[in-house]
Amino acid sequence: MTPVVEARGLDVGVGRARLLHDVGLAVAPGERIALVGHNGAGKSTLLRALSGFAEVRRGSLRVLDTALDRKLPPAAMRHLRRRVAFVHQGLHLVDRASALDNVLVAAAGRLRSPMTWVRRW
């Protein structure tokens, strides 16, 4: 079975800083995983890399059969981000909305109905 997420020897960085080094991960379709670690361990950095928001410096990274270890054209990146919902930490959440509404807003790019404009999922 082809993994929906696969990382091998993954290094991720920002500027001159190397934030993740030699990460390996494989997630099968339907599998559930938990990223657990102390503050600064790289959990959010890994999630940012999986959604194309962090630079892959070395190794390979595939998400939903899309290689993220090279620069993608903007249209391909938009297509991937419609399929991989990512809610940024902190200031990007809507305070008055429930956790469910915040997650569904992040996934709204996949929906074509005008009903999403009034939060009808």
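Read on for an overview of the structure. Since the model is a prediction, treat every value here as computed from it, not as a measurement.

Remarks on the overall build of the protein
So, point 1. Helix and strand content of the protein: 3 helices and 4 strands.
So, point 2. The order of helices and strands in the protein, counted from the N terminus, is β-β-α-β-β-α-α.
So, point 3. A separation threshold of at least 6 residues defines the contact pool for the protein, and within that pool the share at least 24 residues apart is 47%.
So, point 4. Of the accessible surface of the protein, which amounts to about 8,700 Å², a share of 55% is contributed by carbon and sulfur atoms.

Section: a nonpolar patch on the surface
So, point 1. On the surface, a cluster of nonpolar side chains totalling about 240 Å² of accessible area is made up of Ile33, Leu35 and Leu47.
So, point 2. Relative to the assigned elements, Ile33 resides in the loop between strand 2 (17–27) and helix 1 (43–50).
So, point 3. For Ile33, a relative accessible area of 47% translates into the label partly exposed.

A look at helix 1
So, point 1. Of all the positions in helix 1, only Thr45, Leu46, Ala49 and Leu50 are classed as buried. On an axial view of helix 1, the arc spanned by its buried residues comes to 140°, and they lie on one face.

Concerning the pairing of strand 2
So, point 1. As defined by bridge partners, strand 1 (residues 5–14) adjoins strand 2 across 7 bridges and the pair is classed as antiparallel. If you follow Leu10 over to strand 2, its bridge partner there is Val23.
So, point 2. Between the antiparallel neighbours strand 1 and strand 2 lie 2 residues, among them Gly15 with a positive phi of about 60°.

So, the sheet that holds strand 1
So, point 1. Ordered in space as 2-1-3-4, the 4 strands form an open sheet in which the pairing is antiparallel. Because the sheet does not close on itself, it has two edges, and the strands there are strand 2 and strand 4 (66–67).
So, point 2. As defined by bridge partners, strand 1 adjoins strand 3 (residues 55–63) across 7 bridges and the pair is classed as antiparallel. Residue pairing across strands places Val5 opposite Val63, the latter belonging to strand 3.

Analysis parameters
Residues numbered from 1 in each chain as written. Predicted model: local features only at pLDDT ≥ 70, side-chain atom pairs only at ≥ 80, totals over all residues. Heavy atoms only, no water. Helix = DSSP H or I, 4+ residues; strand = E, 2+ residues; numbered from the N terminus. Contact = heavy atoms within 4.5 Å. Areas by Shrake-Rupley, 256 points an atom, 1.4 Å probe, with all protein chains shown as cover. Patch = residues over 30% accessible without salt bridge, like charges linked within 9 Å, V, L, I, M, F, W, Y side chains within 5 Å. Salt bridge = Lys/Arg side-chain N within 4 Å of Asp/Glu carboxyl O. Buried < 20%, exposed > 50% of the residue type's maximum accessible area, 1.4 Å probe, protein only. Arc of directions from axis to C-beta. Pairing = 2+ DSSP bridges.

Such coordinate-based values are descriptive only and should not be taken to indicate function.
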